[in-house]
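An overview of the molecular structure
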Amino acid sequence: MTPQNNSNSGLACPKIGSFNCNGMGNPIKRNLVLNWLKNKPEKIICLQETHSTPQVEREWKNSWDGEIIFNHGTSNSTGIALLVKPDASNLTIINHRSISQGRATLVEIEYDSLKLCLVNVYCPNNDDVSFLENIFLETLSRSRDDQIIFVGDWNTVLNNMLDKQGGSATHANSRCQNFLNDCISDYGFSDIFRLNRGAEARVFTHFNKKYKTQSRLDFFLIQDSLVNLPVCDTEISHGYKSDHSYISLSLQGSTIAHGKGYWKINNSHLLDQNFINEIKKIIHNTKEDSFDSYRGLWDVIKIKIKQFGMTFGKKKKKEITMKKEKLKKDIEDCKND
């Protein structure tokens, strides 16, 4: 997909918020939460776990002055919604559709001359990779030329060491975790919070008092072409009547047309002992060379790791493709027997 090229370097972009509200079937809670959200600066707010049904749409609309895009669940589970503030005058909803009932909605937006695709996600808590595969397939296979932003409650973390605390050392939904890290690397997306805050920031968005665990389950995945905007940042703030935090994304500037973008390591490779051993060898062997400064040594190490990482990734991807093809052939052979 070719990034949108906007000539206006001062282009303003809508601020986007996201919040797992832990159910808003109760009309008193619904009104309190919607009034709380009205005071947020974000023009677009994605909600997860709304517990909304067609029967209560009118009640929602009576409590919210702007547009609402519903994707209903049941009165006691799932459901997502996208709220648009009434003062979002430069924002136009071009198209929207449900990818998964009560779980994922794709919304195509124009804000001034900027084209965005916003995907609101509420992942099942069952390590269902097929759910994520369908979301990425539906989003990436479109012909529209726009900038893609995924946001929501993913019910997994991207990094076990940085994004969770308490309980098991690894998150239960590990297959979804690996799939998301592969998509980030393969399709050019960034976890903007981790990219901006680095490894020092251990901030969480979900708190389980019963099991005494904390996790960063809620986050934005944005297309790499948006990362280089003059303003591109995300915040985590307190929630309201929920065990989830509120997250927000601020964008301002214009995207720049470029090639494939910068390389990022595929975090799933760090689970492969062969990869780790080779990285250790690179560092050890490079240290044996002569350098004028530690900075020069570090720059060379990074270049060598990048070169090896790209080669390793291509080889790994080829091996996985071959395994999939063999499995398909085996299944077809079984059907024909």
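Here, the structure is the one placed above.
Read on for an overview of the structure. (Residues numbered from 1 in each chain as written. Predicted model: local features only at pLDDT ≥ 70, side-chain atom pairs only at ≥ 80, totals over all residues. Heavy atoms only, no water.)

1. What about helix α3 (residues 129-140)?
- Here α3 contains 12 residues, and its C-alpha end-to-end distance of 16 Å stays within 8% of the 16 Å for a straight helix at 1.5 Å per residue.
- Where α3 is concerned, the buried positions are V129, F131, L132, I135, F136 and T139. Around the axis of α3, the buried residues are gathered within 160° of arc, so they sit on the same side.
- Structurally, α3 contributes buried residues whose contacts are with β5 (91-100), β6 (104-111), β7 (114-122), β8 (147-153), α4 (174-187) and β10 (189-191). (Helix = DSSP H or I, 4+ residues; strand = E, 2+ residues; numbered from the N terminus. Expected span 1.5 Å × (residues − 1). Buried < 20%, exposed > 50% of the residue type's maximum accessible area, 1.4 Å probe, protein only. Arc of directions from axis to C-beta. Contact = heavy atoms within 4.5 Å.)

2. A look at the pairing of strand β4 (residues 80-84)
- Of all the five residues making up β4, five are buried; the element is thus mostly covered by neighbouring parts of the structure.
- Residues I80, L82 and V84 point to one face of β4 and A81 and L83 to the other, with burial holding for every one of them.
- In terms of strand pairing, strand β2 (residues 44-48) meets β4 through five bridges, oriented antiparallel. Pairing of C46 across the sheet is with L82, part of β4.
- Bridge count for strand β3 (residues 68-71) against β4 is four bridges, and the pairing is antiparallel. Bridge assignment links I69 to a residue of β4, and that residue is L82. (Pairing = 2+ DSSP bridges.)

3. Let's talk about the pattern of salt bridges
- One pass over the full model with this rule turns up 14 salt bridges.
- R175 is the salt-bridge partner of D127, the closest N and O atoms lying 3.6 Å from each other. Within this pair, whereas D127 is found in the loop between β7 and α3, its partner R175 is found in helix α4, the two being separated by 48 residues in sequence.
- Overall, the relative accessible area of 10% leaves D127 in the buried class.
- Residue classification places R175 among the exposed positions, given a relative accessible area of 52%.
- Bridged by salt links that share partners, the residues E108, R142, R144 and D146 form one connected network. (Salt bridge = Lys/Arg side-chain N within 4 Å of Asp/Glu carboxyl O.)

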